[in-house]
Amino acid sequence: MHIELVDSYYSQPLARTYLCDFSQVKHFFEYDPKQWLEYERRCRYLEKKPKKHLTELAGILKEFNLALGCGESTLHNIDLLKQGQALTIVTGQQPGILTGPLYTIYKAMGAVGLAQKLSVELKRHVIPVFWIGADDHDYEEINHIYIPTSKGPKKIALVKEAQGRVSVGNMPVPDINLLVQELEELLPPIGWKAEGINFIQQTAHQSTNLAEWFGKIMTFLFKDFGLVFINPVLPKIRNISAGLFNEAVTTAPEVNQQLQNGCHQILACGYSPQVQSEKNKLHLFLYNEHGCREALFYHGTSITNKENTKTWTKDQLALLCLTNPELFSPDVVLRPIVQEDLLPVLAYVAGPGEINYLALFKEVFRHFHMKMPIIFPRPNITLIEPLMEKLIKKYNIPLEYLSISLENFLENHLRKTDELGIDKIFDNFRSLLKQKHGEILRELLTLDPNLKGYGKDNLGRLLKRVNSFQEKAMQYHRKNNQIAIQQIQKIQHMTYPMGQWQERTYNIFPYAMKYGLQMIKSIYNLLDIMDTRHKIIFLD
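Okay, so let's go over this structure. Predicted model, so just to flag it, every value in this text is computed and none were measured.

About the cut-offs
Residues numbered from 1 in each chain as written. Predicted model: local features only at pLDDT ≥ 70, side-chain atom pairs only at ≥ 80, totals over all residues. Heavy atoms only, no water. Helix = DSSP H or I, 4+ residues; strand = E, 2+ residues; numbered from the N terminus. Polar contact = N/O pair within 3.5 Å; in protein donor to acceptor, adjacent residues only side chain to side chain. Contact = heavy atoms within 4.5 Å. Pairing = 2+ DSSP bridges. Axes fitted to C-alpha atoms, helices over the stretch in contact; angles between N-to-C directions.

**Considerations on the side chain of Ser-329**
Within the fold, Ser-329 resides in strand S11 (residues 328-330). Here Asp-135 takes part through its side chain, which lies 2.8 Å from a polar atom of the side chain of Ser-329. Among the polar contacts made by the side chain of Ser-329, one reaches the side chain of Arg-293 at a distance of 2.8 Å. Those residues in contact with Ser-329 that lie beyond four places of it in its chain are Asp-135, Arg-238, Leu-284, Phe-285, Tyr-287 and Arg-293.

As structure tokens, then:
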């Protein structure tokens, strides 16, 4: 296994600027992630922050992580947190089945690597924490994975249908037999496959909900890394957040106003806000009697659900936050605030989409008397299997093309292999046709000037026939190069599937089953966490 590096290219303009020219967007954030002095400044800020509820939180984390099957290094890190000796590097993701897209794994690697690096550089305990986004209710987003095949990504999904806006952390694990059957059919019978299939079935049967299943799988994959998992849906953790929920209610509509200000500032700089400010939104959900999340909206001194079928006074809802905090769930705006309230967050490892929406929240953090943590870009990785490496070398494909579309490369390749020069032949043909047609038309205009319009239409029809002839010739050329086309398209299926980065599409299990679990540690050991360039990793 070896690694090559190419420049990263985020499609989102704000995130791209954050990565390449931070000075242009620094006013949206508190710290520059590339400056070591900023980490020391953040440490000084956290030293002054009250270390409330860490003992209680550590007890909850220990119980939860033990239930997931954690190792001694994780328990040691939880003890450091309990004693107030540790700062945290946090990352997170909603709990997709079988860990979801590859970038979930890379986020975890980023948190572990940055914690390890900062522990050495700052000479203090820094531990990695993974926030399981169990509040999320978008079941359709997390109920499937894609398997790489030579013909493109193959989607396999759980058969259970979505049941309203139920949080994934409260959703039981459905029947996985069909998913496992499809997985077995699609993957070759080599490596860790048999053990992997058994592991998937075993953990599914042991889990009471999808978030727990996700946590068990992630804990197994990162057992030797000391990664601590937190599930914010747990009632005991909700109890710790009661005061924050209460403040969000009592100070409404200020949070929404700060978000609107952030959106206006982003727009003024020519960027599009990742999160749209919705009028009168409270940014808290309330679980109804069916266990579904209902968005809340304020109207003067009263608060209602979206349909206006339920109403509370602000005082009633504020009191409910304190007496029954397990009924509440933060939205995307308040989630990082809850995280900041619970943990001493030195840095958050974020993907490009998260960088975009966190840029809106600087004043929201300050509203709650907090500072946004350092936002550190997660690793971007493309995995290359041995057969793909051979094809890449065969066609001399530049590595930077592997994180973008190969369509232009393919068209250039077809032009280079066109020994006849089809484009040139037809360019000359059109040029001669226009010349001769012009000569004839000039002579015919002596008969009647009205022939000019007819002549123009005639030329247009002739050129269309020439273009059609050229397209037919190109079809034959493509047919003669069908093997090359199929092989280059296969590379694209594997490296840039569905028009996006590989890490946003494929899942870790097809690779882990084929190459063995040690690949995760091998990939991690290749990473220089401070190098934010795109990593091209060639598997053995």
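**Notes on the sheet that holds strand S15 (residues 534-538)**
Backbone hydrogen bonds are what pair the strands of a sheet, in a parallel or an antiparallel way. The sheet built from 3 strands is open, its strands ordered S1-S15-S14 with mixed pairing. Pairing within the sheet leaves two strands with one partner each, and these edge strands are strand S1 (2-6) and strand S14 (381-384). Adjacent strand axes in the sheet meet at a mean angle of 25 degrees when their direction is disregarded. Judged from the 4 bridges that link them, S14 and S15 form a sheet pairing that is parallel. Note on S15: the bridge partner recorded for Leu-383 is Ile-537. Relative to the sheet, helix H17 (residues 386-394) contacts S1, S14 and S15, its axis offset from that of S14 by approximately 95 degrees. Of the strands in this sheet, S1, S14 and S15 are in contact with helix H23 (residues 518-526), which crosses S14 at around 125 degrees.

**A short note on the sheet that holds strand S8 (residues 293-299)**
Spatial ordering of the open sheet is given by S10-S9-S8-S7-S11, a layout of 5 strands whose pairing is antiparallel. One side of each edge strand has no neighbouring strand; the edge strands of this open sheet are strand S10 (311-313) and S11. The average angle at which neighbouring strand axes cross in this sheet is 35 degrees, direction not considered. In terms of strand pairing, S8 meets strand S9 (residues 302-305) through 4 bridges, oriented antiparallel. Bridge pairing in S9 places Leu-296 opposite Asn-305.

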